[in-house]
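# Summary of the model geometry
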Amino acid sequence: YETDLVFFQGKELYLLRNLSRGRGIGFFEAGNFYPDFILWLLVGGKQYVSFVDPKGIRNLDGPDDPKISFYQTIKILERRLGDPNVILNSFIIASTRHHQVDHWCDATGQHMSKAAFEARHVLFQTEDKATYIGKMLRKASSAAAPRTRRSASQEPDPTSPSPYSPEATPKE
């Protein structure tokens, strides 16, 4: 805070501990993901709500793991909200060092650089101790989902189940 007073001018910041499974905010879309923290940043009339989960990532299933790719999924939920003043984000604060996962490959088969992880909202806590919180706050407060106009025929049918709901899962 003291090292970046200008950033915090005109903003309110709240950090809330999310409750555990069954009582807190969880996301079926990400494999029943219950992020540990909710970061709420108020800037003017906008609310930037970020779900933050510190965790080791070495044993996850690579960049397509639902907890890693949730930074994209949350934008789908943001668009469904339909409120341009609410911006949702998700971040993983990795206790794992980058060199322990630098063998992960992106969709093009390239090994993932630190910048590629950061683009997926994965920040390295130990290696970037002095900067990861500032990076997260700046990304969160500047990352609004692209707003596109859709025709009525493109809008999801509110009576049909979400593609992520149990009703939409085929029975065997």
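Everything that follows concerns the structure shown earlier in this document.
Below: a short report on this structure.

Conventions and cut-offs
- Residues numbered from 1 in each chain as written.
- Predicted model: local features only at pLDDT ≥ 70, side-chain atom pairs only at ≥ 80, totals over all residues.
- Heavy atoms only, no water.
- Helix = DSSP H or I, 4+ residues; strand = E, 2+ residues; numbered from the N terminus.
- Areas by Shrake-Rupley, 256 points an atom, 1.4 Å probe, with all protein chains shown as cover.
- Pairing = 2+ DSSP bridges.
- Axes fitted to C-alpha atoms, helices over the stretch in contact; angles between N-to-C directions.
- Contact = heavy atoms within 4.5 Å.
- Phe/Tyr/Trp six-rings, centres within 6.5 Å; stacked < 30°, edge-to-face > 60°.
- Buried < 20%, exposed > 50% of the residue type's maximum accessible area, 1.4 Å probe, protein only.
- Arc of directions from axis to C-beta.
- Salt bridge = Lys/Arg side-chain N within 4 Å of Asp/Glu carboxyl O.
- Core = buried A, V, L, I, M, F, W, Y, C linked by side-chain atoms within 4.5 Å.

What follows is about the overall build of the protein. Counting its secondary structure elements, the protein contains 4 helices and 5 strands. The helix and strand sequence of the protein, counted from the amino end, reads α-β-β-β-α-β-α-β-α. On the protein, roughly 10500 Å² of surface is accessible, and the fraction owed to carbon and sulfur atoms is 53%.

As a further point, take the sheet that holds strand β2 (residues 37–43). Pairing is mixed in the open sheet, where 5 strands are placed in the order β1-β2-β3-β4-β5. Of all strands in the sheet, those with a lone pairing partner are β1 (11–17) and β5 (122–124), marking the two edges. Across the sheet, the mean angle from the axis of one strand to that of its neighbour is 25 degrees, orientation sign disregarded. Pairing between strand β4 (residues 86–94) and β5: 3 bridges, direction parallel. The residue bridging Ile-92 from the neighbouring strand is Val-122, located in β5. Packing against the sheet, helix α2 (residues 70–81) makes contact with β3 (46–55) and β4, and its axis sits at approximately 165 degrees to β4. Each of β1, β2, β3, β4 and β5 is contacted by helix α4 (residues 132–142), which is oriented at about 155 degrees to β4, the strand it contacts most.

Once that is clear, we can look at the packing of aromatic side chains. Scanning the entire structure with this criterion turns up 4 aromatic pairs. Judged by centre distance (5.5 Å) and plane angle (40 degrees), the rings of Trp-104 and Phe-117 are tilted. Here Phe-117 lies in helix α3 (residues 114–119) and Trp-104 lies in the loop between β4 and α3, a separation of 13 residues in the sequence. Here Trp-104 matches Phe-117 in class, with each residue buried. Ring geometry for Phe-117 versus Phe-124: centroids 5.3 Å apart, planes at 75 degrees, classification edge-to-face. Looking at Phe-117, the relative accessible area reads 1%, which means it is buried. Note on Phe-124: relative accessible area 0%, which makes it buried.

Counted residue by residue, β4 has 9 buried out of 9 residues, so it is predominantly covered. Burial along β4 is two-sided: the face carrying Val-86, Leu-88, Ser-90, Ile-92 and Ala-94 and the face carrying Ile-87, Asn-89, Phe-91 and Ile-93 are both buried.

Every buried residue of α4 is accounted for by Tyr-132, Met-136, Leu-137, Ala-140 and Ser-141. Considered in projection along α4, the buried side chains sweep an arc of 155 degrees and stay on one side of the axis. On its buried side, α4 packs onto α1 (5–8), β1, β2, β3, β4 and β5.

So, about the pattern of salt bridges. Per the counting criterion, the structure on display carries 7 salt bridges. One salt bridge connects Lys-55 with Asp-53, and the closest N-O pair in it is separated by 3.2 Å. Side by side, Lys-55 and Asp-53 carry an identical accessibility label, which is buried. For Lys-135, the salt bridge goes to Glu-118, with nearest N and O atoms at 2.8 Å.

Right, let's talk about the nonpolar core for a bit. In this structure, Ile-57, Trp-104, Phe-117 and Val-122 are the most contacted members of the largest nonpolar core, which totals 22 residues. For this core, the secondary structure elements donating two or more residues are β3, α2, β4, α3 and β5. Apart from the residues within four sequence positions on either side, Val-122 is in contact with Ile-57, Ile-68, Ile-92, Ala-94 and Phe-117. In this structure, Leu-39, Leu-41, Tyr-132 and Leu-137 belong to the second largest nonpolar core, which totals 14 residues.

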